[in-house]
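# A structural walkthrough
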Amino acid sequence: MSDAASIALITALSTLAGAGITSWLSLLTNRHQFRHQERLTNNERDEARRDQYRTTRKEAYVQFINQAVRTAQAIGATVKPEARVSEEAYLNAAAQADERLAELWPLLALVTIEGPAQVADLADQAANALMAERAKAGKFHRHPDSKEELIAASRARWQAQRDFARAARDTVAIPAQPGESELLARPHSPELTAPAQPLRDLG
């Protein structure tokens, strides 16, 4: 083979090899880009799913807390001076308190379904504390000397609501990202932090 033919063959082979390497590198690059895009898409899908789950949980928690607050306020109305003076006023207030308490149980079931177990347990404790406070309020109407029992039950209920609200807030909080402050990562949620105050002045 002549030198010219050898040079031409080498040039051709080099060109083919270079094209092959270029195609191979292009294939690797495209595959890497595809996998990266696929990961991004999957991450976005997972994050959207987590956001939806977080929103659903928060709605359940807020409903429960709002109803617990309404129930505590209704129980408080049964021990107001006018309710203790008038049997009719007491019976009306007691009926309202019992109605609010009954409305709490379906929301407790909703929180139990949404979980997690720790939050569900704290919700159950808050509901039981409200039921205990209601019983002590009824006793106080019949026996005014049981005031300390009612105050103790009211304080226990208030603490149970606070414990639930704190756990609920932590559960639905958005995790902090690198470089973010906790204040930005966990925005204040006033609807998750407002249990009704415990009874103090009962006359």
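Attention in this report is confined to the structure presented alongside it. (Residues numbered from 1 in each chain as written. Predicted model: local features only at pLDDT ≥ 70, side-chain atom pairs only at ≥ 80, totals over all residues. Heavy atoms only, no water.)

## Focus: the overall build of the protein
Across its full length, the protein holds six helices and zero strands. Going from N to C terminus, the protein has its helices and strands arranged as α-α-α-α-α-α. Counting over 203 residues, the protein shows a buried share of 33%. Roughly 12,600 Å² of accessible area belongs to the protein as shown, and the carbon and sulfur atoms make up 58% of that amount. (Helix = DSSP H or I, 4+ residues; strand = E, 2+ residues; numbered from the N terminus. Buried < 20%, exposed > 50% of the residue type's maximum accessible area, 1.4 Å probe, protein only. Areas by Shrake-Rupley, 256 points an atom, 1.4 Å probe, with all protein chains shown as cover.)

## Quick look at the environment of aspartate 98
Note that aspartate 98 resides in helix H3 (residues 87–114). Assessed through its relative accessible area of 38%, aspartate 98 is described here as partly exposed. The spatial distance from the C-alpha of aspartate 98 to the C-alpha of isoleucine 75 is 8.3 Å, given a sequence separation of 23 residues. At 2.8 Å, the side chain of aspartate 98 and the side chain of arginine 134 are in polar contact. (Polar contact = N/O pair within 3.5 Å; in protein donor to acceptor, adjacent residues only side chain to side chain.)

## Section: H3
For H3, spanning 28 residues, the distance from its first C-alpha to its last is 41 Å, which sits close to the expected 40 Å at 1.5 Å a residue. Here H3 has its buried residues at Tyr90, Ala93, Ala94, Ala97, Arg100, Leu101, Leu104, Leu107, Leu108, Val111 and Glu114. Once H3 finishes, glycine 115 follows within two positions and takes phi at roughly 65°, a positive value. (Expected span 1.5 Å × (residues − 1).)

## Observations regarding the nonpolar core
Judged by nonpolar contacts, the single largest core of 32 residues is most densely connected at Tyr61, Phe64, Leu104, Val111, Leu130 and Phe164. Listing elements by their share of this core, those giving two or more residues are helix H1 (3–77), H3, helix H4 (117–142) and helix H5 (147–172). (Core = buried A, V, L, I, M, F, W, Y, C linked by side-chain atoms within 4.5 Å.)

## Points about the packing of aromatic side chains
A complete count under the given rule lists two aromatic pairs for this structure. Here the aromatic rings of tyrosine 61 and phenylalanine 164 are separated by 5.9 Å at their centres, their planes lie at 85°, and the arrangement is edge-to-face. Note that tyrosine 61 is positioned in helix H1 and phenylalanine 164 in helix H5, a separation of 103 residues in sequence. On the accessibility criterion, phenylalanine 164 (1% relative accessible area) is buried. Put simply, the rings of Tyr61, Phe64 and Phe164 touch in pairs and so form one group of aromatic residues. (Phe/Tyr/Trp six-rings, centres within 6.5 Å; stacked < 30°, edge-to-face > 60°.)

## Quick look at the pattern of salt bridges
Using the criterion set out here, one finds seven salt bridges in the structure. Residue glutamate 149 pairs with lysine 139 through a salt bridge whose shortest N-O separation is 3.0 Å. Of this pair, glutamate 149 sits in helix H5 while lysine 139 is found in helix H4, placing the two residues 10 residues apart along the sequence. According to the relative accessible area criterion, lysine 139 is partly exposed, its value standing at 29%. Of the charged contacts, one joins aspartate 163 and arginine 166 as a salt bridge, the two residues approaching to 3.4 Å between their closest N and O atoms. Of the two residues, aspartate 163 and arginine 166 are both situated in helix H5; the distance of three residues between them amounts to about one turn of the helix. Residue arginine 166 is classed as partly exposed on the basis of its relative accessible area, which comes to 34%. Among the ionic contacts, a cluster of salt bridges with common partners joins Glu99, Arg100 and Glu103. (Salt bridge = Lys/Arg side-chain N within 4 Å of Asp/Glu carboxyl O.)

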